[in-house]
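Close look at the chain arrangement
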Amino acid sequence: MNATLAAVVLSLFSAVAYAAAAVAQERLASRTTDSGMLRLLGSGAWWWTVVLNASAALLHVAALKYGTLTLVQPLGALTLVAAVPLGARVAGRRVSPVEWRGTALTLIGLSALLVTASGPAPDDVLSVPQALGVAAATAALIGILSRPGTRPGLRHATASGFASGVASALTQTVTVAVTDRSGPLLSAQVIVVALLVAAFAAGGLLLSQIAYRGGLGAPLAVVTLANPVAAAAIGLFLLGERLQGGPAGLLLAALGAGVAAWGVVTLSRSVPEPARPEPLVDAGDEHPVAAVLALEPGSAAYEPSMLPKQPGSGQLTPL
């Protein structure tokens, strides 16, 4: 299989797994207060989102072996494509026209970036000083964006996107360094960068959990946009990656970034349509995971009997 095609296919599966995790995180976050965040560690549902994120991350690591950061990272926009309708389905409502429009604009913009991002398989890595410098600068920026006492939302989503993007860039360094077989498997470079990857990946997960309290669409769009921006900056300035097409390619990339930003703003202003009332159906007709996610605490009413009664009679009708 062609290396570029392998990177695209692996990125598609990764995006679907990330979308499922994001929807589950948003449902949990909507039921969690500030004082209850620590309770998530004892929640089996939250740990399932961790498993989904870990699976998506492994697929993403594999994609980074075959494709550059400027190719793989924009494909994360497919997370948004899957998550918006999936989140609406789980919430029992329709995707609003504004959500569709915002999603489409975001994807069109990131697709324009993708056109200019093709290139050879990665072969360069960050040195330890470079990795530490990137980590320090990113940690400072995340601290500014997620300072305490502020309302969770798009700034936390931006911080999450930067953390995840830097984690991806550092992951590519580990992947290339381990698989090129030009040095020891557990060199100081591999160990230091792997520890930084773990820290930023965990930080991105926790920051996204906070951001999703305000809803899924706009925060996820910001994460989707900030992630490739951070990773592409590292790829372009530190790893020698280049956009294709010369000045015209740079112009196309700039236009794509503008359209994607427009999509993010559109999503941030969207108001989801209210959930449609659903008739009572047999629980076996709906997927059990979707049913559980769609329930609100205490929403189940007490039913004394599900058997029909005869007209004018207080007795149950035998079946």
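Please refer to the structure higher up on the page.
Small disclaimer: the values here were computed from a predicted structure and weren't measured.

1. Some words on the pattern of salt bridges
- For the coordinates displayed, the defined rule picks out one salt bridge.
- For Glu99, the salt bridge is made with Arg93, and the minimal N-O distance between the two is 3.0 Å.

2. Topic: helix H9 (residues 217–238)
- Its 22 residues place the ends of H9 32 Å apart at the C-alpha level, agreeing with the 32 Å of an ideal helix rising 1.5 Å per residue.
- Most of H9 sits out of view: 17 of its 22 residues are buried.
- Two residues or fewer past H9, Gly240 is found with a positive phi of approximately 75°.

3. Looking at the environment of Val190
- Counting through the fold element by element, Val190 comes out in helix H8 (residues 188–211).
- Overall, the relative accessible area of 6% leaves Val190 in the buried class.
- Distance from Val190 to Val128, taken between C-alpha atoms, is 8.8 Å for residues 62 residues apart in sequence.
- Once residues within four sequence positions are removed from consideration, Val190 is found in contact with Val174, Ala177, Val178 and Leu185.

4. Topic: the nonpolar core
- Within the largest apolar cluster, 32 residues are counted, with the highest numbers of intra-cluster contacts made by Leu69, Ile142, Val166, Leu170, Val193, Phe200 and Ile234.
- Top contributing element to this core by residue count: helix H7 (residues 154–179), with nine residues.
- Not counting chain neighbours up to four residues away, the residues in contact with Ile234 comprise Leu126, Val134, Val166, Ala169 and Leu239.

5. Quick look at helix H4 (residues 78–91)
- The end-to-end C-alpha separation of H4 is 20 Å, in line with the 20 Å expected for 14 residues at 1.5 Å each.
- Buried within H4 are the following residues: Thr79, Leu80, Ala83, Val84, Gly87, Ala88 and Val90. Looking down the long axis of H4, one finds its buried residues gathered within 160° of arc, a one-sided arrangement.

6. Observations concerning the side chain of Thr68
- Along the chain, Thr68 turns up in the loop between helix H2 (44–66) and helix H3 (69–72).
- Owing to a relative accessible area of 5%, Thr68 belongs among the buried residues under this scheme.
- Only 3.2 Å separates the side chain of Thr68 from the side chain of Thr70, close enough to count as a polar contact.

7. Describing the packing of H7 against H8
- Running from N to C, H7 and H8 point in directions that differ by 155°, and their axes come no closer than 8 Å. Our classification of the angle between H7 and H8 gives roughly antiparallel. Note that H7 runs across H8; the crossing there is left-handed.

Quick notes on the rules
- Residues numbered from 1 in each chain as written.
- Predicted model: local features only at pLDDT ≥ 70, side-chain atom pairs only at ≥ 80, totals over all residues.
- Heavy atoms only, no water.
- Salt bridge = Lys/Arg side-chain N within 4 Å of Asp/Glu carboxyl O.
- Helix = DSSP H or I, 4+ residues; strand = E, 2+ residues; numbered from the N terminus.
- Expected span 1.5 Å × (residues − 1).
- Buried < 20%, exposed > 50% of the residue type's maximum accessible area, 1.4 Å probe, protein only.
- Contact = heavy atoms within 4.5 Å.
- Core = buried A, V, L, I, M, F, W, Y, C linked by side-chain atoms within 4.5 Å.
- Arc of directions from axis to C-beta.
- Polar contact = N/O pair within 3.5 Å; in protein donor to acceptor, adjacent residues only side chain to side chain.
- Axes fitted to C-alpha atoms, helices over the stretch in contact; angles between N-to-C directions.
- Parallel < 35°, antiparallel > 145°, perpendicular 65-115°, else oblique.
- Left-handed = near helix turned anticlockwise from the far one by under 90°.

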